[in-house]
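Spelled out, the chains give:
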Amino acid sequence: MKHVFIKGLSEKTLLLLHGTGGNEEDLIPLAKHIDHEANILSVRGNVSEYGMPRFFKRLAMGVFDMESLAEETENLFQFLKDSAQNYQFDIHQVTVIGYSNGANIALNILFSFNNPFEKAILFHPMIPRRDVELPLMKNLQIFIGAGSNDHMVSSNETYELVDMLKKQGAIVKVNW
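Residues numbered from 1 in each chain as written. Predicted model: local features only at pLDDT ≥ 70, side-chain atom pairs only at ≥ 80, totals over all residues. Heavy atoms only, no water.

Draft legend 1. Structural context of unusual backbone geometry. Positive phi is not limited to glycine here, since Tyr50 has a value of about 55°. With respect to the helices and strands, the residue Tyr50 is situated in the loop between β4 (47–49) and β5 (52–54). The class for Tyr50 is exposed, based on a relative accessible area of 81%. At Asn139, a residue that is not glycine, the phi angle is positive and equals roughly 65°. On the accessibility criterion, Asn139 (48% relative accessible area) is partly exposed. (Helix = DSSP H or I, 4+ residues; strand = E, 2+ residues; numbered from the N terminus. Buried < 20%, exposed > 50% of the residue type's maximum accessible area, 1.4 Å probe, protein only.)

Draft legend 2. Broad picture of the side chain of Asp65. Mapped onto the fold, Asp65 is located in the loop between β7 (63–64) and α2 (66–87). There is no salt bridge for the buried Asp65, and the closest opposite charge comes from Lys57, which lies 5.4 Å off by N-O distance. One polar contact links the side chain of Asp65 to the main-chain amide nitrogen of Ser68, over a distance of 3.0 Å. What Asp65 contacts, discounting residues up to four positions off in sequence, is Lys57, Arg58 and Leu59. (Lys, Arg positive; Asp, Glu negative; His and termini not counted. Salt bridge = Lys/Arg side-chain N within 4 Å of Asp/Glu carboxyl O. Polar contact = N/O pair within 3.5 Å; in protein donor to acceptor, adjacent residues only side chain to side chain. Contact = heavy atoms within 4.5 Å.)

Draft legend 3. Broad picture of the packing of aromatic side chains. A complete count under the given rule lists 6 aromatic pairs for this structure. Note on Phe123 and Phe143: the rings are 6.1 Å apart at their centroids and 65° apart in plane angle, and the pair reads as edge-to-face. Linking Phe123 in strand β9 (residues 119–123) with Phe143 in strand β10 (residues 141–145), this pair joins segments that are 20 residues apart in sequence. Taking 5.3 Å as the distance between ring centres and 45° as the angle between the ring planes, the aromatic pair formed by Tyr159 and Trp176 counts as tilted. Linking Tyr159 in helix α4 (residues 155–167) with Trp176 in the segment after β11 (171–175), this pair joins segments that are 17 residues apart in sequence. Residue classification places Trp176 among the partly exposed positions, given a relative accessible area of 40%. These aromatic residues form a ring-pair network of at least three members: Phe5, Tyr87 and Phe89. (Phe/Tyr/Trp six-rings, centres within 6.5 Å; stacked < 30°, edge-to-face > 60°.)

Draft legend 4. Representation of the pairing of strand β8 (residues 94–99). Most of β8 is tucked away, with 5 of its 6 residues classed as buried. In terms of strand pairing, β8 meets β9 through 5 bridges, oriented parallel. Of the residues in β9, the one forming a bridge with Ile97 is Ile121. Note on the crossover from β8 through helix α3 (residues 101–112) to β9: the handedness is right-handed. (Pairing = 2+ DSSP bridges. Right-handed = clockwise from strand over helix to strand, strands pointing away.)

On their own, these measurements won't tell you what the molecule is for.
Listed below in structure tokens is the structure:
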């Protein structure tokens, strides 16, 4: 996967996942603002939609291609594990930062694997799948940035997502 890795001064690693049309450079300034000493692993999505990078295909606006979502979730999580070995960082000290499409695949990783991240910062996430039994997320700290007038993600969907995460033990903070 195309990516950027910046070695930091601490044991923490920030995994950056851009939104549709973004790239591996977009969230680096934000990451440096959040934790200027952390390692940064910023990944470009493998899928192209009309020339714009994404992390998985969609069938229409807000309608995910579930086969692509599953395949790319596996690919990204394997890439994260391989990167932890290659760049020698602790996979258990990763905070994922995802925007839109990047937040959605980050959530699908959370929905698919036990304790894949130490923390999550998600901007404008959508519920990736409703047909899944979620793993426990005991004390996982999740920040969600949401918009009360967001045309893609309704406030009801955000409230539903927060409820799903809290039922699994996550500590969720939403900023509208």
